[in-house]
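Inside the fold
Each chain, written out:
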Amino acid sequence: AMSEQWDVGRALALSGLFRLLQGAGRACAAPFLTLYLRHLGLPAPLVGVVAGAKHLAAALWAPLCSRCPKGRRKRRLLVASSLLGSAGASLLLTLIPPADGDAGYKYCNASQQLGDRGAAAAATVPGAGTSSHVSAVTNAKATREPEMPAPYRPPIRGLEKETSGLGSAAIDLAGNAEESLYPTESNELSLFKTTLPTAGGSYESGNLPDHRKDAQGVSFEAVQNIFQDREHQIFVMVLGAVVLWELLATSLEWTVDENLYEYLDFVDATDRYGKLWIWSYLGASVGACSIAVFVDQLNCFLSSTITRLAVHFYGYALLITLSLLVSVFFPIHVPKRTDHVNKTAKALALLWSDGRAILYAITVFLTGAAGSAVQNFLFWQMQDRGSSELYMGLSVAVGLLAEILLYFFKGKLLRTFSSVKIVAVSLSLLAVQLLCYSFLWTAWSVLLVQILSAFSSGALWWVVNMTVDDIATPGMERSLHAVLQSLCYGGGASLGSFAGGFVVKHFGLAVLYRAWCVCLVLWLFLILILQSKLPRQKKINYSRLLAADSSDMSDSDEENERDWLVKAMKDESFN
């Protein structure tokens, strides 16, 4: 029974399968979230706020999740409730009706709409097929118009005009797919529109006798107008569902991850923990492509108010439910003693004590902010270029698979190039990616640009993790990694999302990409200058070297460090 209980191979196999399902489930929904919000009719600024709140919630909640409850039964209950809760929260998004009944059709099957632009333009020339083509466009649009109560039903754009204007309305229909990426006066965000006094001192709601009551009335009416607006009602519902979903998903991932690491630490097998992320990446690659192929085969609407993009969340819920069956067989180890030290504060102090660690912390913050522009709006841009969902899923898979392939050359690259050179190349390639996206010509070209993610994301984190491992005291490695992840996603990505939506609204997506490209290049020159001013010193993590068994030291860089230590000890003994 004891050998079965502490079967490391079985635990790693179950963990790999769990991560495979989790990665596939996440990739079914998370990359397509902002695209789904676009189909709900939310503008870029509100989509940016939702994405930023999602990243921020995960970063703030993660340190609390790391404190797993005592007792095997409580831990299993927490995992099961988090699994079911995250699946339910994702399904809540599919129940939210669109803010704009026309948005779902406007953005669905963008490639066909863009392909019909020439035919729609030709329809304005007198000919036999003119009226039949226009009727086809308007009838298709009408059949896909969601049925909603009369007070909330939005006007059907282009159909309110006279019959003589139907030809131009058909052209506008195809062109509407691009309007959210280019600033226009008609699309100004109404979030901050309030009832303000006119030049004569009167208010829209009438003249109020008391000055204080006037001010209170204006404030109340402003809030009331915000929450009575349908777009803002949808935004509040989406924000609540997404934050709840992220909190439950983060709680699940951290609980399972912490439990596995404690188990491997108890049986002295933590060295085998480091490669489990590959299973998550493989699952994400398969999940993103599979769900994209399936969604491409569906009609634009599953029902009168549910677009086909809801299938992404159905797929997530299904895969999460399957992972619940796997979690039942997880071995659980509860450590007898618990450390009540605030490791987050200690990790921040360690980062602050090292100059290179500070530079790399700022680097991951900036890369997280720049990467949020790609994560939030790249699929919008691809859709406007006529992309099918298959290209979107492939773009996710190409980036992840490129990181996996480059990982097998990690040891050789770290021996050949210095950390500064790898960071410089990573920042340069990320800047090149953003510049290429700003000039995106076709949807398939994204696949070529995504290959650069192997260096701009994967290799960068090798150097960052290696640097913080050198300054880590015993037991602080994971806390340092968690703090850096929070800086990247909770700090950089959330701030980048909040600001990115407004930049897209008022200046366009290309400007956002180029602005981050310039910021990264400037930081690259600055980090090279500052790095040269720092003192050169070799730090060896003795606790890691002494704790690792000689048979487990497979990475060549760790072998070099061990050989260096042994040689130094022999020389000292000889002297």
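All figures in this text were calculated on a predicted structure; none of them were measured in a lab.

1. Quick word on a nonpolar patch on the surface
A cluster of nonpolar side chains, Y391, W441, W444, L448 and I451, forms an exposed patch at the surface whose accessible area comes to about 550 Å². By the secondary structure assignment, L448 is in helix 20 (residues 445–450).

2. Description of the packing of aromatic side chains
Both the distance between ring centres and the angle between the ring planes are used here to describe each pair of aromatic rings. Taken as a whole and assessed by the stated rule, the structure comprises ten aromatic pairs. On the numbers, 5.0 Å between centres and 65 degrees between planes, the contact of Y36 with F313 is edge-to-face. With Y36 in helix 3 (residues 33–39) and F313 in helix 14 (residues 311–327), this pair connects stretches of sequence that are 277 residues apart. Where W245 meets F313, the ring centres are 6.0 Å apart and the plane angle is 70 degrees; that geometry is what we call edge-to-face.

3. Some points on helix 16 (residues 355–384)
The first and last C-alpha atoms of helix 16 sit 44 Å apart over 30 residues, in line with the 44 Å expected at 1.5 Å per residue. A bend of about 50 degrees at F377 is the largest found in helix 16. Between a side-chain oxygen at the N-terminus of helix 16 and the backbone nitrogen of R356 the separation is 3.1 Å; the capping residue is D354. Directly after helix 16, the chain includes G386, whose backbone phi takes a positive value near 85 degrees.

4. Observations concerning the environment of V243
One can find V243 in helix 12 (residues 230–266). Sequence separation between V243 and V50 is 193 residues; the distance between their C-alpha atoms is 8.2 Å. For V243, the contacting residues outside a window of four places in its chain are A53 and A57.

5. Some thoughts on the nonpolar core
Ranked by size, the top nonpolar core spans 112 residues in total, and within it L37, L93 and V238 carry the most contacts. Ranked by residues supplied to this core, first place goes to helix 16 with 15 residues. Those residues within four positions of V238 in sequence are excluded, and the remaining contacts are L37, L40, L42, V50, L93 and I96. Counting nine residues, the second-largest nonpolar core is a separate cluster that includes V8, Y263, A269 and Y273.

6. As for the environment of T305
Considering the arrangement of structural elements, one finds T305 in the loop between helix 13 (277–296) and helix 14. For T305, a relative accessible area of 24% translates into the label partly exposed. Separated by 210 residues in the primary sequence, T305 and L95 place their C-alpha atoms 8.7 Å from one another.

7. Regarding the pattern of salt bridges
This structure, assessed with the given rule, holds eight salt bridges. R38 is the salt-bridge partner of D384, the closest N and O atoms lying 3.0 Å from each other. Placement of D384 in helix 16 and of R38 in helix 3 is noted, with a sequence separation of 346 residues between them. Notably, a salt bridge pairs R478 with E258, separated by 2.8 Å at the nearest N-O pair. Placement of the pair is R478 in helix 22 (residues 477–506) and E258 in helix 12, with a sequence separation of 220 residues. Owing to a relative accessible area of 22%, R478 belongs among the partly exposed residues under this scheme.

8. Focus: helix 2 (residues 8–29)
Between its first and last C-alpha atoms helix 2 spans 32 Å; for 22 residues at 1.5 Å apiece the expected length is 32 Å, and the two agree. Summarising burial for helix 2: 17 of the 22 residues are buried, a large majority.

Procedures and definitions
Residues numbered from 1 in each chain as written. Predicted model: local features only at pLDDT ≥ 70, side-chain atom pairs only at ≥ 80, totals over all residues. Heavy atoms only, no water. Patch = residues over 30% accessible without salt bridge, like charges linked within 9 Å, V, L, I, M, F, W, Y side chains within 5 Å. Areas by Shrake-Rupley, 256 points an atom, 1.4 Å probe, with all protein chains shown as cover. Salt bridge = Lys/Arg side-chain N within 4 Å of Asp/Glu carboxyl O. Helix = DSSP H or I, 4+ residues; strand = E, 2+ residues; numbered from the N terminus. Phe/Tyr/Trp six-rings, centres within 6.5 Å; stacked < 30°, edge-to-face > 60°. Expected span 1.5 Å × (residues − 1). Bend = angle between axes of the 7 residues up to and from the residue. Polar contact = N/O pair within 3.5 Å; in protein donor to acceptor, adjacent residues only side chain to side chain. Contact = heavy atoms within 4.5 Å. Core = buried A, V, L, I, M, F, W, Y, C linked by side-chain atoms within 4.5 Å. Buried < 20%, exposed > 50% of the residue type's maximum accessible area, 1.4 Å probe, protein only.

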